[in-house]
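A look at the structure
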Amino acid sequence: VHAYGQSAHFDTKKKIINVKKFIYSLNFFLNKKLISIIKIKKRSLNFHSRYSAKKRIYEYIILNRLAPPSIYKNKVWHIRKKLNLEIMKKGSKILLGTNDFSTFRASNCYSKTPIRTLEKVKCRNNEKRSKKIVRY
């Protein structure tokens, strides 16, 4: 699973003079962890990156083919068996609305409640039509 617009927060007593240089320095050290800082915004002291979020958007990617992933290794769920997109769309509708997701929680989850509301679920085939390349 990959989250869009992931945020983190930190507190500092010092003013950041050169934001561009600060981001560059952070990315230098975070690069090995495959984390990239794109921008920094000043927030109120009440802001918390986890608890202040109003919504989250997640993307689950299934690579549906015989060959295992190489470039997308550890980034997709690889399924060799042919999938029925129409059945997946129909089944995913069950998740819409407010539900108890206790079954999906980790044993060390710190969230106050397993109750979540899913506003939208999309299942789509994102297979790009490849053009035939002829080389001489």
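Anything mentioned here points back to the structure above.
Residues numbered from 1 in each chain as written. Predicted model: local features only at pLDDT ≥ 70, side-chain atom pairs only at ≥ 80, totals over all residues. Heavy atoms only, no water.

**Here's the deal with the overall build of the protein**
- Per the secondary structure count, the protein includes two helices and six strands.
- Going from the N terminus to the C terminus, the protein shows its helices and strands as β-α-β-β-β-α-β-β.
- For the protein, the spread of C-alpha atoms along the principal axes amounts to about 55 × 55 × 25 Å.
- Taken over 136 residues, the protein has a buried fraction of 7%.
- Within the protein, contacts between residues separated by at least 24 positions form 33% of all contacts whose residues are at least 6 apart in sequence.
- Just so you have it, the protein exposes about 14,000 Å², and 56% of that area is on carbon and sulfur atoms.
- Side chains of the protein carry 35 positive and 6 negative charges; the gap between the two charge centres is 9 Å. (Helix = DSSP H or I, 4+ residues; strand = E, 2+ residues; numbered from the N terminus. Buried < 20%, exposed > 50% of the residue type's maximum accessible area, 1.4 Å probe, protein only. Contact = heavy atoms within 4.5 Å. Areas by Shrake-Rupley, 256 points an atom, 1.4 Å probe, with all protein chains shown as cover. Lys, Arg positive; Asp, Glu negative; His and termini not counted. Charge placed at Lys NZ, Arg CZ, Asp CG, Glu CD.)

**A closer look at a positive patch on the surface**
- Side chains of Arg50, Arg56, Arg105 and Arg116 sit close together on the surface and give a patch of like positive charge.
- Note that Arg56 resides in the loop between α1 (19-30) and β2 (58-59).
- We classify Arg56 as partly exposed; its relative accessible area is 47%. (Patch = residues over 30% accessible without salt bridge, like charges linked within 9 Å, V, L, I, M, F, W, Y side chains within 5 Å. Salt bridge = Lys/Arg side-chain N within 4 Å of Asp/Glu carboxyl O.)

**Some remarks on the packing of aromatic side chains**
- According to the stated counting rule, one finds three aromatic pairs in the structure shown.
- Centroid distance Phe10 to Phe22: 5.9 Å. Interplanar angle 40°. Geometry classified as tilted. With a gap of twelve residues between them, Phe10 in the loop between β1 (2-3) and α1 and Phe22 in helix α1 connect regions that are remote in the sequence.
- Under the relative-accessibility criterion, Phe22 is labelled partly exposed at 28%.
- On the basis of an interplanar angle of 45° and a centroid distance of 5.8 Å, the ring pair of Phe101 and Phe104 is categorised as tilted.
- Given the relative accessible area of 65%, Phe104 is considered exposed.
- Sitting over the ring of Phe47, Arg43 keeps its end group 5.3 Å from the ring centre. (Phe/Tyr/Trp six-rings, centres within 6.5 Å; stacked < 30°, edge-to-face > 60°. Lys NZ or Arg CZ within 6 Å of the ring centre and 35° of its normal.)

**Quick word on a nonpolar patch on the surface**
- On the surface, a cluster of nonpolar side chains totalling about 290 Å² of accessible area is made up of Ile62, Trp77 and Leu83.
- Its location among the elements puts Ile62 in strand β3 (residues 62-64).
- By relative accessible area, which is 32% here, Ile62 ends up partly exposed.

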